[in-house]
Amino acid sequence: MSLFGIAWRNIRQRLLTSGLTALSLALGVALVVATLVIGNVVKQAFNSGSGLGYNLIVGSKGSPLQLVLNSVYLISKPIENISWGFYEEFLPASARADGVAGRFAGSVRTAVPICMGDYFKGFRVVGTNAAYFDGLTYGGGGASGFGRWLGRLVGRPPAGAAPKPFAFAAGRNFRNDEFFGGVLGAEVAANLGLDAGDLFAPTHGADDGLVHDPFTVTGVLTRTDTPVDRGVYVNMEGFYLQEGHAKPVEAAADAAAATPAAQASAADGHAPLPREQREVTAILVETVSLPGLPAELTAMGLRTAINEGRDGQAAEPIREISVLLQLFVRPLELLLLLITTLVVIVSAIGILVSMVGSSLERTRDVAVMRALGARRSHVLATVLIEAVLLAVGGGLVGWALGHVIVAAIGPLITTNAGVSASLLSSAPAAELLLVPFLIALAILAALLPALAAYRTDVAKWLG
Amino acid sequence: MPNPVIELEQVKKAFAMPGGETVAVLDIDRFVLEEKDQVALSGQSGSGKSTLLHVISGIMRPDSGRVWVDGHDLTRLGEAASDRLRADKLGLVFQQFNLLPGFTALENVLVAMSFGSGKPDRWRAADLLASVGLSHRLDHKPAELSIGQQQRVAVARALANRPRVILADEPTASIDTAHQDQVIDLLTTTCAEQDVALLVVTHAPEVAARFPKQLRLDDFNRAAVHHG
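Position numbers for residues start from 1 in each chain and track the written sequence from start to end. All chains are assigned letters beginning with A, and all ligands numbers beginning with 1, in the order in which they are written. This being a predicted model, a pLDDT of at least 70 is required before a residue's local features are given, and a value of 80 or more before pairs of side-chain atoms are given or counted; all residues contribute to the totals for chains, interfaces and linings. Calculated side-chain values reflect all of the structure's heavy atoms, with hydrogen atoms and water omitted.

Asker: Quick one: what's the story with the overall build of chain A, residue by residue and with numbers?
Answerer: Only DSSP runs of H or I reaching four residues or more are called helices, and only runs of E reaching two or more are called strands; each is numbered from the N terminus. What chain A contains, in helices and strands, is 13 helices and 15 strands. The buried share of chain A, reckoned over its 463 residues, is 51%. Taking the intrachain contacts of chain A between residues at least 6 apart in sequence as the baseline, contacts between residues at least 24 apart amount to 76%. Method for areas: the Shrake-Rupley scheme with a 1.4 Å probe, in which residue coverage is limited to the protein chains shown. Entry remark: accessible area of chain A is about 20300 Å², with carbon and sulfur atoms responsible for 64%. The classification of residues rests on relative accessible area computed with a 1.4 Å probe and restricted to protein chains. Under 20% of the type maximum is buried, over 50% is exposed, and intermediate values are partly exposed. By definition in these notes, contact holds between two residues if any of their heavy atoms fall within 4.5 Å.

Next up, the structure:
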């Protein structure tokens, strides 16, 4: 019989004590795993946002962080709008009614307007145009190595690091003349069971707000592992036509003077909202690379030029995300680390108490084994193996339980933080470290009782 | 000519008492157990019988003198080597049986095998238990066995590593008179069958009387006489 077998027998002999020790450890580990995974999911979600295919967000003056949270992550409170005229400053001559290129057009490759303020069953509705999915890309974040491995295991495509064009799992992008067309992110479609061809009616301002006209789902995006998965995207022309979305015009500028902004009327005959009554919440800008200059430098110059003006502000998502990580996520990580350390210490004390308790019970057994010829090293190793078995067993149960906890509270996290967490979410580096850490912890906790077993006075116990 | 399997020479052992006084327990000029010998060693309670067995088995070191087990000088060996020698050459049977309560009868024998030089052999362990009449109780834990059956497991366990000698410390002290004869028969018969020497320590004259060779510790332990 091996020492492993002897240790396993010892555990089974004290099944209740061993079980309770492993259970307390499992609960501790479950808490640690859940905390680590959620922390990592939050960090990953913010990192994945930095891989979106634009490098500048233009919005109203105010907090650049709030602008980024709103536009990229579809969370935080709605922000003020900017004028349509200001948006047009980013458009080339061909896209403007007056045929004159906007002030910033020379630095811009793509400028996609977004309008926010509506909801559909808990998800944010974003009014935009077809360029969002035709002109922008995504990527550069997403699942880590372990997540990718798990993803492959369950047949889910991993998020790549290179920018990729948006793809549709069903249907297609809406056309600009389909005023009441919409595209759903993968998570929205999966959660709400909607597919191409289905109708949905957004609500104004909140889930219980005024119900708008229905839109038709023209397409469902494939999963991107970015906040886009949680968005409901509708044609902004249809968005503008909903009650409460048109900017009130002053008496002087009556409807007759209003200038059509959209280049074409809707295919179904709806007239577009006049440009004077339009506003946008933000503009997602992908800058051009000017000769001899990288796109980042162009973005920096454009940001300075916009921020010096009065019409709005420009924020660089990556910079804001970095600030966000430094200001909020890192301290949160430290706090989580502190909590997990305390949990682990409590777990270690649990093992120690259990092992000390069982070492008193086992002293006679140790003396018998020594009398049968067991070396001191044998009894020392047996106690340590027993502790490691308890730690690894409890640890594995706790690991699984931790993931179940994450899956269980995943919807709650998604609702409150806009971050997607599931059974397969992971914190690979920390989770892999957990195993050797638990073994080391178990050895440390069992060292005292192991040494007591090592020093057992055989003659005294055999009488 | 028979060879000694246990040999003691000029062995002394004393214990320090709480008050600082030292009490001599063993003072043996010479003691020899030949191979295949079956000896009953009797003596009064506290005469040093158990201490003598602990010294012979290497569980306790003498203060002075030499102890040979199957030709190996135990007093010159390190602790680990002494433990290994005990596992390989000696089989111990205790007064309280001292079976491991969490292990089955078979596992109790296998545990003893795992500390010896050979590999644990499930078939041999089962054979040993069968030889003491327990082939139908292999998977029973000690609590599920009668006292007599527990003692049989203890004997099978003592034989696990093909020892040269079995040392039995009051093997009948905790069982009724009716079972005493059975245990002594089991020990003497099994040891004779397997060519193993047997040294049984007992304080009961009727148990000692069952052995062809009987020794009184007081006769050759000067410390016991001195005390006596």
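Having seen the structure, we can now continue with the description.
Asker: Any details on the pattern of salt bridges? Residues and values, ideally.
Answerer: Whenever Lys or Arg places a side-chain nitrogen within 4 Å of a carboxyl oxygen from Asp or Glu, that contact is recorded as a salt bridge. One pass over the full model with this rule turns up 30 salt bridges over all chains. A salt bridge links Arg172 of chain A to Glu178 of chain A, with the shortest nitrogen-to-oxygen separation between them at 2.7 Å. Ionic pairing is found between Asp83 of chain B and Arg370 of chain A, a salt bridge with its closest N-O pair at 2.9 Å. Residue Asp83 of chain B is located in helix H2 (residues 79-89), and its partner Arg370 of chain A is located in helix H10 (residues 317-371); the two belong to separate chains. For Arg370 of chain A, a relative accessible area of 4% gives the class buried. Here the salt bridges do not stand alone but share partners, grouping Arg370 and Arg376 of chain A together with Glu79, Asp83 and Arg86 of chain B into one network.

Asker: I'd love a proper account of the packing of helix H5 (residues 147-158) of chain B against helix H6 (residues 177-193) of chain B, names of residues and values included.
Answerer: All names here are of chain B. Running from amino to carboxyl end, H5 crosses H6 at an angle of 15 degrees, the nearest separation of the two axes being 11 Å. By the angle between their axes, H5 is roughly parallel relative to H6. As for how H5 packs across H6, the hand of that crossing is right-handed. In contact with Gln151, Arg152 and Val155 of H5, H6 contributes Gln182, Val183, Leu186 and Leu187. Classes in brief: Ala, Val, Leu, Ile, Met, Phe, Trp, Tyr, Cys and Pro nonpolar; Asp, Glu, Lys and Arg charged; the others, Gly included, polar. For the contact of H5 with H6, a count of residues per class yields four nonpolar, two polar and one charged. For helices, the axis comes from a line fit to the C-alpha atoms of the stretch in contact; other axes are also lines fit to C-alpha atoms, and the angle between any two N-to-C directions lies between 0 and 180 degrees. The labels follow the angle: roughly parallel below 35 degrees, roughly antiparallel above 145, roughly perpendicular from 65 to 115, and oblique for the rest. Each crossing gets its hand from how the near helix is turned against the far one by less than a right angle, where anticlockwise is left-handed and clockwise is right-handed.

Asker: Give a detailed account of the side chain of Glu237 of chain A, specifying residues and quantitative values.
Answerer: Mapped onto the fold, Glu237 of chain A is located in helix H8 (residues 236-240). Between N or O atoms, a polar contact is any pair within 3.5 Å; within protein, one atom must be a potential hydrogen donor and the other a potential acceptor, and residues adjacent in sequence are included only when both atoms are from side chains. Within polar-contact distance, the side chain of Glu237 of chain A engages the side chain of Arg278 of chain A at 2.3 Å.

Asker: Describe helix H4 (residues 122-131) of chain B, naming the residues involved and giving the relevant values.
Answerer: Residue and element names in this part refer to chain B. Turning to H4, its buried residues number three or more, namely Arg124, Ala125, Ala126, Leu128 and Leu129. Contacts made by the buried residues of H4 are with helix H3 (105-114) and H5. The N-capping residue of H4, defined by a side-chain oxygen 3.0 Å from the backbone nitrogen of Trp123, is Asp121.

Asker: Explain the pairing of strand E6 (residues 90-93) of chain B to me, and be specific about the residues and the numbers.
Answerer: Residues and elements named next belong to chain B. With burial as the criterion, each face of E6 is covered, one bearing Leu90 and Leu92 and the other bearing Gly91 and Val93. Looking at chain direction, E6 and strand E7 (residues 165-169) are connected through four bridges and run parallel. What sits directly across from Leu92, in E7, is Leu167. When DSSP finds two or more bridges between two strands, those strands count as paired.

Asker: Explain the side chain of Arg9 of chain A to me, and be specific about the residues and the numbers.
Answerer: On the secondary structure map, Arg9 of chain A appears in helix H1 (residues 3-13). Arg9 of chain A has contacts with Met1 of chain A together with Gly102, Phe103, Glu107 and Lys141 of chain B, leaving out every residue within four places of it along the chain.

Asker: Tell me what's going on with the interface of chain B and chain A, and back it up with residues and numbers.
Answerer: Listed as interface residues are 27 residues of chain B and, on the opposing side, 21 residues of chain A. In terms of surface lost to chain A, no three residues of chain B exceed Asn98, Phe103 and Phe115 of chain B, which account for 25% of the buried area on that side. In this structure, the connection of chain B to chain A is made through four salt bridges. For Glu79 of chain B, the salt bridge goes to Arg376 of chain A, with nearest N and O atoms at 2.6 Å. Taken together, chain B and chain A are joined by eight residue pairs in polar contact (both at pLDDT 80 or more). Broken down by secondary-structure element, the contributors of at least two residues to the side of chain B that touches chain A are helix H1 (49-57), H2 and H3 of chain B. Accessible-area loss on putting two parts together, using a 1.4 Å probe and summing over both, is the definition of buried area adopted here.

Asker: Tell me about the environment of Pro272 of chain A, residues and numbers included.
Answerer: The topology assignment puts Pro272 of chain A in the loop between H8 and strand E13 (279-280). In the structure, Pro272 of chain A is positioned 36 residues away from Met236 of chain A in sequence and 9.8 Å away in space, judged by C-alpha atoms.

Asker: Before we move on, can you summarise unusual backbone geometry with the specific residues and values?
Answerer: Residue and element names in this part refer to chain B. Within the chain, Asp70 stands out as a residue other than glycine whose phi angle is a positive 50 degrees. Positionally, Asp70 belongs in the loop between strand E4 (64-69) and strand E5 (72-73). Backbone geometry at Glu170 places phi at a positive 45 degrees, although glycine is not the residue there. Relative to the helices and strands, Glu170 is located in the loop between E7 and H6. For Glu170, a relative accessible area of 9% corresponds to the buried category.

Asker: Talk me through the sheet that holds strand E9 (residues 213-216) of chain B; I want residue IDs and the actual numbers.
Answerer: Residues and elements named next belong to chain B. The strand order across the open sheet formed by five strands is E6-E7-E8-E3-E9, and the pairing between neighbours is parallel. Only two strands of the sheet have a single partner each, and these edge strands are E6 and E9. For this sheet, the mean angle separating the axes of adjacent strands, direction not counted, is 20 degrees. By the bridge criterion, five bridges tie strand E3 (residues 38-42) to strand E8 (residues 197-202) in an arrangement that is parallel. Note that in E8 the partner of Ala40 across the bridge is Val200.

Asker: An account of the packing of H10 of chain A against helix H12 (residues 428-454) of chain A is needed here, citing residue identities and associated values.
Answerer: Residues and elements named next belong to chain A. Axis separation between H10 and H12 bottoms out at 8 Å; the angle between their running directions is 35 degrees. For H10 against H12, the interelement crossing comes out right-handed. Listed contacts from H12 to Val344, Ala348, Ile351, Leu352, Met355, Val356, Ser359 and Val366 of H10 are Phe437, Leu441, Ala442, Ala445, Ala446, Leu448, Pro449 and Ala453. Looking at the contact of H10 with H12 residue by residue, the class counts come to 15 nonpolar, one polar and no charged.

Asker: Describe the environment of Ile413 of chain A, listing the residues and the values that go with them.
Answerer: Residue and element names in this part refer to chain A. Along the chain, Ile413 turns up in helix H11 (residues 376-417). A relative accessible area of 13% places Ile413 in the buried class. Put simply, Ile413 and Val42 are 371 residues apart on the chain and 9.4 Å apart in space, counted from C-alpha to C-alpha.

Asker: Let's hear about the packing of aromatic side chains: which residues, and what values?
Answerer: All names here are of chain A. Any two rings among Phe, Tyr and Trp, with Trp reduced to its six-membered ring, count as a pair given centres within 6.5 Å; such a pair is stacked if its planes are under 30 degrees apart, edge-to-face if over 60, and tilted if neither. Tallied over the entire structure, the rule returns 16 aromatic pairs over all chains. Measuring from ring centre to ring centre gives 6.2 Å for Phe86 and Phe104, while their planes differ by 90 degrees; the resulting arrangement is edge-to-face. Within this pair, whereas Phe86 is found in helix H4 (residues 84-88), its partner Phe104 is found in the loop between H4 and strand E3 (108-120), the two being separated by 18 residues in sequence. Across this residue pair, the class does not change: Phe86 and Phe104 are buried. Their ring planes at 90 degrees and their centres at 5.2 Å tell us that Phe133 and Phe166 sit as a pair that is edge-to-face.

Asker: An account of a nonpolar patch on the surface is requested, with residue identities and associated values reported.
Answerer: All names here are of chain A. Together, Leu16, Leu20, Leu23, Leu27, Leu401, Val404, Ile405, Ile409, Leu412, Leu423 and Leu424 give the surface a local cluster of nonpolar side chains, amounting to about 970 Å² of exposed area. Broken down by secondary-structure element, the contributors of at least two residues to the nonpolar patch are helix H2 (15-49) and H11. Ranked by residues supplied to the nonpolar patch, first place goes to H11 with five residues. The patches described consist of residues with a relative accessible area above 30% and no salt bridge, like charges being joined within 9 Å and nonpolar side chains (Val, Leu, Ile, Met, Phe, Trp, Tyr) within 5 Å.

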